[in-house]
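The residues making up each chain are set out below.
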Amino acid sequence: VFYPSMAHALSPKERTLVDTYVTRFPGDDTKVLFCETVEFATDPDTHTKKSSKKDKRVVAVTPYRLLVWGKSKLKKLSSDGNYFISDLKEIAGSGKKLILRFRGQQGKPPNIACITMGKVQNILKLATVIQERFRVITVGYPKSSVYRLANSDVSDLTTPFSPSKASGFSDVYRDWSDQRMSAVSSDVIMFIEDLFDANDTDLVLTEFPCISSRSELTADLVTFSHALKHNTYFKSLEIRGLEHKDLGFFVSNIVRRNRALTKIAVAKCVTEFTEFFGESLIRNETKHKLSLVVVTGCKWTPKGVTSLALALSQFPHGLSVLSLKDSNIPAAGMDEIVTSFRQNWGTSLTFEALDLSGNNLQGEIFGKFIKDIRAFGRLRRLAVSATNCQLGVVLPSLLLTTTITYLDLSHNKFEKQYEDTLVHFLDSVQNLSVIRLGGLNLNGEWLVGCLQAIFRNPNLANVSLDLSENGIGSKMIHEITGTFKAGQNVAHLDLSDNPLSQDFTVNLLKSLSSSMKWLGLNRSLRSADAVDESVVLSLAAFVASHVSLEYLGLRGGKDALGPNLARLFGALEQHPSLLTVDISHNLVGDEALSHLCYYLRLNHVLKYLKCDGNSLSVNAYQSIAECLESNHTLWGIDYPTVDIEVQKHQSRSFQETIYRIFSTLSERRPFGTEPSPVQNPFTMEQDWDTPSSPLAKKSSIPRELSIVAELLTDYSRYPPLPPPPPLHHHCCGISSRRSLPQKHR
């Protein structure tokens, strides 16, 4: 602990007590910047009266606190005043008197510290130290939160100032760690500063060194969220696959104050979003800049849904992407959310991607929304998979849209009377490039009608068509495969999870367009037996003749192609465009894989190979390692989790071989790229990069939609917003022993 020269007024014992008290706070750079015996009061009126008796106190300034002790309190290691510098609201007084006002919490009056010293220069030094620390630990705070200088003798700081990396993150983080009595994590600071050095403004919490998906955090997540509330460096926050109860609060707390983030993505996290999230969007004093909001696979409380709907109805600017996928929001909640779209057309007309999959859109309100937006909006990508929505009502409204290029209708029930509606839609729709019809139980004549409509529609080109999980492969084999001969406008086809018979597969492969780039047959081919040889030979002929093919998915499931798959590998040797091949879970065995490695030695195109779950021993993976000595273009292989589990008796040598393989591959893949070089064309999120353009303004609203909004806007149905939850705990004016850990009291 460093003591200034003016601390001579303290005895050695008192210095030791101050040292003992101060070093118990968790700020890893805690030291004393100012220390002196003063006259102290908490009442400005008492402070100004010359005849009033003023108590002698010891005042010290640390990097984050103003501490006040009486002689007796100091001996007991407790304090008379414990003020956080970041809460400073006013510096007043004059001459030898200094009045400091600090923000009160939850509507309480401000906390006041009135200090008198014998020399004006000491008052000025104290004020300067406090101002300097306030400037350092409030980098990024809006002007509305800066203190007011009402003391004519104290000059405001005008010297040049350079905050720490990432807009002063480390200083703000240490301040909040000190306030919350939470240990400072050097790993967190180092991670943030590394992102700054790499000029990376996307903060991916999942990559934090102190976070794992299924364990408690070694860093305090709530403290971290406070440090990011006013941070102006990061533009994107992404969290995926974490299990932590504080995640909902973490995101909401940041949203409430942050004015720099343009994207928030929270996906498949075990957490709960309450009304605090919607309230934070509404209460953001600085008006947030969010234009991409993704919260998928998370739980919402009923009040949380209502609060979100209210926030969307008052959203202050454009919102290009909104995804609430797999949130399991009931019909009543989704009606509230969709109604909020219709109340705030200035925002909803700016939607470019809207994903409401995995929620209950059973009501008619969504159909009305689509009908209203169809002629005026910018919507390009729409996903309503597994929503129970009335597709027969929605599809006619979509016919008049010319902007939608991605449409996901999968896993919904299509009533019999609306089958012709889907065929008519596919026959007439414009500009669609991705059509997802998986799990609709399309089969027989209905499937043939849909395929014919797609293939003859002159407005559709380079189509990505998803027909997975439709029970295709056993009925009307020749009619369906014959229809595919006309499918010259389909470039990507997914037939995964269909029970494709041998006859169907052979005929299909002969019928597909020569310009096919992506073919998914995952978990669709029959188990290994003698007849499967014709299927594999047909696959080999298909690969050899389709020189534009970039992805081939043959992942096995309950059924596997087995060693016969080796007959396909020769077609991979000189293929000019194939980048990703998935043959996992096919039980091919060591000998078949050795054939694959032989052909890959001469292949200079393939980038990614999925081959786990093939009953491979360490010998097979040694063949892969040797293959990589000749093949210098392969950069990715999926980690063999299943094969390692099966070959437990060879675990040590297996691990050594795997380490050798992945050490080689890690040096090849370009930094920042995904393992697979071919993006799944059916993924809704593929275009959701961090927005870098200026904040989108609200769209102009046509008169007919303004009337709709006026009729729907009735905020009386929403409960009034409660006061925001406390963001941290103060101990001003009370014994700070309560804020110390039990072992330090």
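As shown above, the structure is provided for reference.
In what follows, the accompanying structure is described.

Rules used in this analysis
Residues numbered from 1 in each chain as written. Predicted model: local features only at pLDDT ≥ 70, side-chain atom pairs only at ≥ 80, totals over all residues. Heavy atoms only, no water. Helix = DSSP H or I, 4+ residues; strand = E, 2+ residues; numbered from the N terminus. Buried < 20%, exposed > 50% of the residue type's maximum accessible area, 1.4 Å probe, protein only. Contact = heavy atoms within 4.5 Å. Areas by Shrake-Rupley, 256 points an atom, 1.4 Å probe, with all protein chains shown as cover. Pairing = 2+ DSSP bridges. Axes fitted to C-alpha atoms, helices over the stretch in contact; angles between N-to-C directions. Polar contact = N/O pair within 3.5 Å; in protein donor to acceptor, adjacent residues only side chain to side chain. Phe/Tyr/Trp six-rings, centres within 6.5 Å; stacked < 30°, edge-to-face > 60°. Lys NZ or Arg CZ within 6 Å of the ring centre and 35° of its normal.

1. As for the overall build of the protein
Okay, so step 1: For the protein, the count of helices and strands is 25 helices and 26 strands.
Okay, so step 2: Out of the 745 residues belonging to the protein, those deemed buried represent 56%.
Okay, so step 3: Look at the contacts in the protein between residues 6 or more apart in sequence, and 80% of them connect residues 24 or more apart.
Okay, so step 4: Accessible surface computed for the protein: about 31,700 Å², of which carbon and sulfur atoms make up 50%.

2. Regarding the pairing of strand S13 (residues 292-296)
Note on strand geometry: in a regular strand, side chains alternate between the two faces of the sheet.
Okay, so step 1: Here S13 lies mainly inside the structure; five of its five residues are buried.
Okay, so step 2: Side chains Leu-292, Val-294 and Thr-296 project from S13 onto one buried face, and the interleaved Val-293 and Val-295 project onto a second face that is buried too.
Okay, so step 3: The pairing of strand S11 (residues 263-267) with S13 spans five bridges and is parallel. In the sheet register, Val-266 faces S13, and the bridge partner there is Val-295.

3. What about the sheet that holds strand S5 (residues 88-92)?
Okay, so step 1: A sheet is described by the order of its strands in space; here eight strands give the open sequence S4-S3-S2-S1-S7-S6-S5-S8, paired in mixed fashion. In this open sheet, the two edge strands, each paired with only one partner strand, are strand S4 (81-84) and strand S8 (148-149).
Okay, so step 2: As paired strands, S5 and S8 are joined by two bridges and run parallel to one another. Looking across to S8, one finds that Ile-91 is bridged to Leu-149.
Okay, so step 3: Contacting strand S3 (65-69) and S4, helix H1 (residues 12-22) crosses the sheet at an angle of about 135 degrees to S3.
Okay, so step 4: Packing against the sheet, helix H4 (residues 120-137) makes contact with strand S1 (34-41), strand S2 (55-61), S5, strand S6 (97-102), strand S7 (111-116) and S8, and its axis sits at approximately 25 degrees to S6.

4. Description of the side chain of Asn-151
Okay, so step 1: With respect to the helices, strands and loops of the structure, Asn-151 is situated in the loop between S8 and helix H5 (165-179).
Okay, so step 2: From its side chain, Asn-151 meets the backbone oxygen of Ala-92 in a polar contact 3.1 Å long.
Okay, so step 3: A distance of 2.8 Å separates a polar side-chain atom of Asn-151 from the backbone nitrogen of Asp-153.
Okay, so step 4: Beyond its immediate stretch of four places on either side in the chain, Asn-151 contacts Ile-91, Ala-92, Gly-93, Ser-94, Lys-97 and Leu-98.

5. Section: the packing of aromatic side chains
Okay, so step 1: Applying the stated criterion across every chain yields a total of 23 aromatic pairs.
Okay, so step 2: Relative to Phe-484, the ring of Phe-455 has its centre 5.9 Å away and its plane inclined at 55 degrees; by these criteria the two rings are tilted. Of this pair, Phe-455 sits in helix H16 (residues 444-456) while Phe-484 sits in the loop between helix H17 (477-483) and strand S21 (490-494), placing them 29 residues apart in sequence. Assigned by exposure class, Phe-455 and Phe-484 land together as buried.
Okay, so step 3: Between the aromatic rings of Trp-518 and Phe-682, the centroid separation amounts to 5.3 Å while the plane-to-plane angle is 75 degrees, which identifies the pairing as edge-to-face. In this pair, Trp-518 is assigned in strand S22 (residues 518-520) and Phe-682 in the loop between helix H24 (651-666) and helix H25 (703-712), connecting sequence segments 164 residues apart.
Okay, so step 4: Residue class for Trp-518 comes out buried when judged on its relative accessible area of 5%.
Okay, so step 5: Every member of this aromatic cluster is reached through a ring pair, and the members are Phe-341, Trp-345, Phe-351, Phe-366 and Phe-369.
Okay, so step 6: Just above the ring of Tyr-64 sits the side chain of Arg-133; from NZ or CZ to the centre is 5.4 Å.

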